[in-house]
Every structure is written in structure tokens, then in C-alpha cells.
Amino acid sequence: MPGPSRPRLAVWKFASCDGCQLTMLDCEDELLPIADRVEIANFHEASSAVGDGPYDISLVEGSITVPEDAARIREIRAQSRFLVTIGACATSGGIQALRNFADVEEFRRVVYARPEYLRTLATSTPIAAHVPVDAELRGCPIHKAQLLELLGAILSGRRPNLPADSVCIECKRRGNVCVLVARGTPCLGPVTHAGCGAICPAFHRGCYGCFGPSEAPVPDALLPKLEALGMRPEELERFFQTFNAAAPAFRAASESVRNRRGPP
Amino acid sequence: MTPSVVGDRRTLLRSDFPQFLRALWNGGYRVVGPTVRDGAIVLGELREEADLPIGWTERQEAGTYRLAPREDAALFGFTTGPHSWKKYLFPPRERLWTAEAEGSSFRVVPEPSDPVPYAFLGMRACDLAALQITDRVFDRAVADPGYHGRRARALRIAVVCGHAAPTCFCVSMGTGPGVGRDHDLKLTELLDGGPHRFLVEIGSSVGAAVLDRVPTRPAASADPTAAEQVVARTAAGMGRHLDPTGVRDLLLGHPDHPRWTVVAARCLGCTNCTMACPTCFCSTTEEIPDLYGDRSEKWRRWDSCFNLEFSHLHGHPVRPSGRSRYRQWLTHKLASWHDQFGSSGCVGCGRCITWCPVQIDLTEEVRAMQADPDAVQTTGAPP
């Protein structure tokens, strides 16, 4: 980084649960070196002392669900040298993107006593649908090792090492036994982006795809296997409609199941 | 007692097996072998006899594996599992060296070699064949000090398979089920015709030295015959078959065969076949620097030709389609491996068949191409 001062870091929240930002604070052992190498200029979860922009690094959590945020993300982009999206909401629209498959007007009427007080968009969209993004960290929540790798890469001016291959390869490196093959447990690992370290299969659970699609996912090849394991069409559809429901490959998979089984 | 020599055949009673293990531990070995974990027979460190899968076996077929109890208390009554021995010699993640800043330059701190030798207990014929292959792989372009350091001191204790899995085809590949000479000790578990016992055949002086610390007796004349019958029975039970005749030319000569498109439509590209394969050796390296830029670790980790990024050269992946990646894997394994390393890359262990979540079976793929080698794609252009 040029100049005598430390790079200035900002953390921003859009429609999200704060879990990804908290991963920053979860970097307990590394927190002091981080604070030493960057100036944490704007991070409401950490400090009420907020410094004005511009910022060298902006970490953006959450998706765009209201008109104000569609404008706010443009201002943040304009003030940021590197803009990095963190987590499933910011990278694919998050669990709240389930609205993209439904009628938001109906939700408003059913849920709120005075729906006219509520101004919302019909869809939940990732940050990259609104502004150019320099890098993205996947996951619900993100993995702290990937956050540190990303910050280190920006600080040293190199490309971050964020493999986009499948959870399977992390699972095998860890020595896990495949839950699909040895237990018949439905698992999205073969189509899901690596980065979590294969946590769920290590505890005999199937991957539920919280890192979203891998670099070259083939959900169509996985569907027959999941059906053979006894998943009903509505379960299959839901399997692909969680934290990354609107990620194109997962969306295509759930829609192909829905189209095959017809309207509910 | 006269010391044993290479070629000796001795009988080890099952009841003395704990003493065999003790001889390995006391000999300073880190004993690794089969053990039950996570619903499968995996490879792990053995610290007591009970760590062995006593009385366990497995049922496996393409895309499915289930642990199952045996009706007897055999110690090695199973075939292959999800792990292979490569994980010890070529670890999934390995730090190669560390760089430390020194003024305006840096110095390289080499990785110390692992001081404890392995005893690999329970290598099958296909595993030993795979070991010979990886020995050549890691010795070609640049000798790998980590691999060779661990390999040179590893004790290879072979166990002859008492049966074949439905996914086994070592007979086709000429690698088993009989164990040749490339071992330190060879065990055949004998469950019938007398007490539960092992015929032990000595393959090296190191093996002889270990066995001399264990109570054994010269093999009764019936035991070698019984051991030959075990091999014959296992050979007769092969669940899969692959005719390797002409496979090299068949695969290399038909890069546009429609079967590549058919299999690519089924393939997840998940890398499981390459991870389970005992000879797949692709890796990548990564730098892990600290936040200050004063210190950086160089790590190597398993990678796979099924990953898009793996073929990323000068700006884009040169194997962009799943079809081109599956074809790369199979043609390398069964064809160009001959040119590169002087043998097939496949030992017929069947792991890639069992551990493919979607049941892709390379023997079936080869057979389909053999049946109709000059088939032409009728719809759509190959990617």
C-alpha cells in the first residue's frame, strides 16, 4: 500500500444477520495484527468511532432488498478502492432471496398490519448485481481463514487464494468418509464451493450448500442420486433453496425440479 | 533360534498377533493400518490391537459402501476402503518450506524430515502396485524429498485379500490378488483348517528382523497350500473386469468418441475418483504469508484434473468442459501413463468406482468404447 498511513478499512451492512461481520471479531488471535496493519475506520460492530471515507478496503455484508440500499451501495463503491462482498447474502442474495421465487406483495399483506409503511423491492439481489465487486467471500457465514487470506492478499498486493473447487476435495483432504456413499446421506458437497473445510461432512452431516455453487457445478448429475436416496421432489427443491437459492446454478436446479413436478 | 531370512515362511498364531504389533511399536515404528471410523474401514494410526477392524467387513458397489459385521473374528476380512496409503507418503496438505524476511531479501527454512518411520500394516496387492507407480511418479521430473524420505524407511506389511469386492479388478490389471516380492512381510490370514493363524512370508531383511522378535514357528506344509487357495478364491471372485488389450491406442485414438459426452453428462466433476485413487498425484502449491509479510509458508495440497482451475493456463482453463476433464483423467490413467511412467496408472483397486457418488465405472466406460470404437456423435457438436 502506498503512502505512510495504514490502509483504511470499512465494514458495511445491508440485508443480513451480522454473522459475517462478526467473523472479523472472531479472528481473536489475529485481531491485533489486523488492527496494526489496517486502520479500522468504519465498523459499527466494533466501534462507535466512525471515520469518513474514502476507504481502501470495504467489506460488504448483506443483499439489496430496499431502494435506499440500491443507492447506498453505489456511494460505498465510489468511496472504496477494493470492494469485497462477504457471505451468502452479499454474494447471491441470501436466504431472503426466497422472495425472488414468490409474490412479495402477498407477503406484505399477510405479514404486516400496515403494509403501506413498508417499502421493499420485489427481489433480494447480490451486491454484484448493482456495482462492480473486486472479490467475494462465500459462506453463511464466511470462514475466518478466508477473510485473513483476503486481507493479507490486499495488504501485499497479490491475488487472494480462494479455491472455487468443490467441498468434496476439502472433504477428502481432511480424510472424511463420503456421507453420500457410505451413509446414503443427501449432500450438496459435489456442487458446492469449497472454503468451509468440509465442516458438516466431518460431523456426518450432508453439506447444505452454504458456500453456494462451485466453479463448475453439475447439479443435473446429482439430482438422480438424491432422488435414489429417497428425496421427494419438494425436498429436493428446498435442498437447493436455502442460503444461496438465487445463485444461478442452484436456482436452475430447484427450478428444474419444480418444472418436472409441475405447479404446487 | 536361527534368524529368519528372506524367503522364509513361518506361521504366526492369531493369539500371538498382539506380540507382532508390539514388535512393531517397540521397533520405533508408527504403525498405520485399517481401522473403523465414520462408518468405514479407513487407514489410521493403530495404538492397540482393538483398533483393527476385528470382525468387520464392508459391502461395496458402484457409488455405495456400507460397513458390515462378519460372522467370524477375522482381522483383515475386508478389501479396500476410502483411503489409500498415498495419504502418508504424499500427504493431502504438506508444508514444503518457510520463507523468512531478512533485510531486503529472505531466507528459506527447509522443512525438517519426519523422524518416525511408518509401518504400513495391511497393504493389499493393488496397494503395493500403486506404491511402485508412485515411486516412479515422484522420482521422475524432480525427486520429492518428503515422499522418498518417508518411503525409504516405511515397512510394508502386505496382507493377501481373502475375498474380492464387487468393484475389484486387480486380475485384469495384473496387479493381484497374489502379492509378489515387493514387500517386507506378507501375511495370509488363515481362518480354516486349524487355529486362526497367519502364514508369514519374509520379503526383506528388515522384515526378518521384525519377525524374529515375535513368536512364530516354521510353516506347516499345509499352510502355503492354504494360502495359495486364498489367492485362487479371491482371483475367482473379481467383481469387475477390464480388458487392457489395446486400451492405450483406443483411448488416445478416439478423443471425439460420443461416449465422452455421455459420461460427462453423468459426471459431477467433484474430484472424488482422483482423491480415492491410490496413484493420482496432482497437486498445487500455495503461499500462506502472515499479515506483516515477514514470513510465508509454502504448502502443497492435493488437487485434481477435474477442477476447472487446475488447467488454467495463460488466462483461461485449457480444459473448460466436463467432457474434456473426464477424458483427460481416463486417457492419462489408462493410456498416456504408459508413455510417461512405463505402466498403466490403474491398479484395479476399484476405489474410483465405489467412491464416485454417481456410480461412474471406468470399466464400463472402456467396455462401451471397445464395443464400438468408431462410433460417431450424431447430435450436437462436441464441446
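Description of the structure in this document. (Residues numbered from 1 in each chain as written. Chains lettered and ligands numbered in written order. Predicted model: local features only at pLDDT ≥ 70, side-chain atom pairs only at ≥ 80, totals over all residues. Heavy atoms only, no water.)

### Here we look at helix α6 (residues 144-156) of chain A
Residues and elements named next belong to chain A.
Phase 1 of the analysis: Here α6 spans 18 Å end to end across 13 residues, near enough to the 18 Å set by a 1.5 Å rise per residue.
Phase 2 of the analysis: Burial analysis of α6 places 10 of its 13 residues in the buried class, the great majority of the element.
Phase 3 of the analysis: Where α6 is concerned, the buried positions are Q146, L147, L148, E149, L150, L151, G152, A153, I154 and L155.
Phase 4 of the analysis: Looking one or two places after α6, you find G157, whose phi comes out positive at around 70°. (Helix = DSSP H or I, 4+ residues; strand = E, 2+ residues; numbered from the N terminus. Expected span 1.5 Å × (residues − 1). Buried < 20%, exposed > 50% of the residue type's maximum accessible area, 1.4 Å probe, protein only.)

### Describing the packing of helix α9 (residues 258-266) of chain B against helix α11 (residues 322-341) of chain B
All names here are of chain B.
Phase 1 of the analysis: Put simply, α9 and α11 touch, their axes get as near as 8 Å, and they point 110° apart. As summarised for this structure, α9 and α11 are arranged roughly perpendicular, according to the angle between their axes. Of the residues in α11, those in contact with W260, T261, V263 and A264 of α9 are G322, R323, Y326, R327, L330 and T331. (Axes fitted to C-alpha atoms, helices over the stretch in contact; angles between N-to-C directions. Parallel < 35°, antiparallel > 145°, perpendicular 65-115°, else oblique. Contact = heavy atoms within 4.5 Å.)

### Observations regarding the pairing of strand β3 (residues 40-45) of chain B
Residues and elements named next belong to chain B.
Phase 1 of the analysis: With respect to burial, β3 is a largely interior element, 5 of its 6 residues being buried.
Phase 2 of the analysis: The sheet contact formed by strand β2 (residues 30-37) and β3 spans 6 bridges and is antiparallel. For R37, the partnering residue across the bridge sits in β3 and is A40.
Phase 3 of the analysis: Here β2 hands over to β3 after 2 residues, with D38 in that stretch at a positive phi of 55°. (Pairing = 2+ DSSP bridges.)

### Focus on the layout of surface pockets
Phase 1 of the analysis: Of the pockets and cavities examined, the largest pocket occupies roughly 720 Å³.
Phase 2 of the analysis: In terms of residue class, the lining of the largest pocket is built from 11 nonpolar, 6 polar and 11 charged.
Phase 3 of the analysis: A:R159, A:N161, A:L162, A:P163 and B:E309 are, among the 22 residues lining the second largest pocket, the residues nearest its centre.
Phase 4 of the analysis: When contributions to the lining of the second largest pocket are tallied by element, the ones reaching two or more residues are β13 (283-289) and β14 (295-302) of chain B.
Phase 5 of the analysis: Per-element tally for the lining of the second largest pocket: the top contributor is β13(B), with 4 residues. (1 Å grid on protein atoms, 1.4 Å probe; cavity = no way out; pocket = protein on both sides within 12 Å on 5 of 7 lines; lining within 4 Å. Points joined across faces, edges and corners; volume = space filled by probe spheres on them. Nonpolar A, V, L, I, M, F, W, Y, C, P; charged D, E, K, R; others polar.)

### Thoughts on the environment of A:S256
Residues and elements named next belong to chain A.
Phase 1 of the analysis: Position of S256 among the secondary structure elements: in helix α12 (residues 248-261).
Phase 2 of the analysis: Measuring from C-alpha to C-alpha, the distance between S256 and L31 comes to 44 Å, with 225 residues separating the pair along the chain.
Phase 3 of the analysis: Beyond its immediate sequence surroundings of up to four residues, S256 is in contact with D220 and L223.

### Some words on the sheet that holds strand β10 (residues 185-190) of chain B
Residues and elements named next belong to chain B.
Phase 1 of the analysis: With mixed pairing, 8 strands are arranged side by side in an open sheet as β3-β2-β8-β9-β10-β11-β1-β12. Sheet topology places β3 and β12 (217-218) at the edges, where each strand pairs with a single neighbour.
Phase 2 of the analysis: Examined bridge by bridge, strand β9 (residues 155-159) and β10 share 3 bridges and lie parallel to one another. Along β10, the bridge assignment pairs A158 with K186.
Phase 3 of the analysis: Where helix α3 (residues 125-137) meets the sheet, it contacts β8 (118-123) and β9, and its direction lies at approximately 135° from that of β8.
Phase 4 of the analysis: On top of the sheet, helix α7 (residues 222-236) reaches β1 (9-13), β10 and β11 (197-202); it is set at about 85° to β10, its chief contact.

### So, the environment of B:P117
Residue and element names in this part refer to chain B.
Phase 1 of the analysis: Residue placement: P117 occurs in the loop between β7 (105-110) and β8.
Phase 2 of the analysis: Owing to a relative accessible area of 19%, P117 belongs among the buried residues under this scheme.
Phase 3 of the analysis: With 37 residues separating them along the chain, P117 and A154 place their C-alpha atoms 5.6 Å apart.
Phase 4 of the analysis: Not counting chain neighbours up to four residues away, the residues in contact with P117 comprise G28, Y29, R30 and R153.

### Let's talk about the interface of chain B and chain A
Phase 1 of the analysis: Taken together, the contacts link 40 residues of chain B with 37 residues of chain A.
Phase 2 of the analysis: Taken together, the two surfaces of chain B and chain A that pack against each other cover about 3000 Å², and 56% of this comes from carbon and sulfur.
Phase 3 of the analysis: At the boundary of chain B and chain A, one finds 1 salt bridge.
Phase 4 of the analysis: Here A:R159 makes a salt bridge to B:E309, at a shortest N to O gap of 3.8 Å. (Buried area = accessible area lost by both parts, 1.4 Å probe. Salt bridge = Lys/Arg side-chain N within 4 Å of Asp/Glu carboxyl O.)

### Description of a nonpolar patch on the surface
Phase 1 of the analysis: Residues A:F107, A:V110, A:V111 and A:Y112 make up a contiguous nonpolar surface patch of roughly 420 Å² in combined accessible area.
Phase 2 of the analysis: The topology assignment puts A:V110 in helix α5 (residues 104-111). (Patch = residues over 30% accessible without salt bridge, like charges linked within 9 Å, V, L, I, M, F, W, Y side chains within 5 Å. Areas by Shrake-Rupley, 256 points an atom, 1.4 Å probe, with all protein chains shown as cover.)

### Examining the nonpolar core
Nonpolar side chains tend to gather and get buried jointly when the protein is soluble and globular.
Residues and elements named next belong to chain B.
Phase 1 of the analysis: Formed by 92 residues in total, the largest nonpolar core has its most connected members in F17, F20, L121, Y326, W329, L334 and L362.
Phase 2 of the analysis: Those residues in contact with L362, other than ones at most four positions away along the chain, are F169, L242, Y326, W329, L330, L334, C346, C352 and I353.
Phase 3 of the analysis: Counting residues in hydrophobic clusters, the runner-up holds 36 residues, among them V32, Y118, F120 and V179. (Core = buried A, V, L, I, M, F, W, Y, C linked by side-chain atoms within 4.5 Å.)

Distances and angles like these do not, on their own, reveal function.
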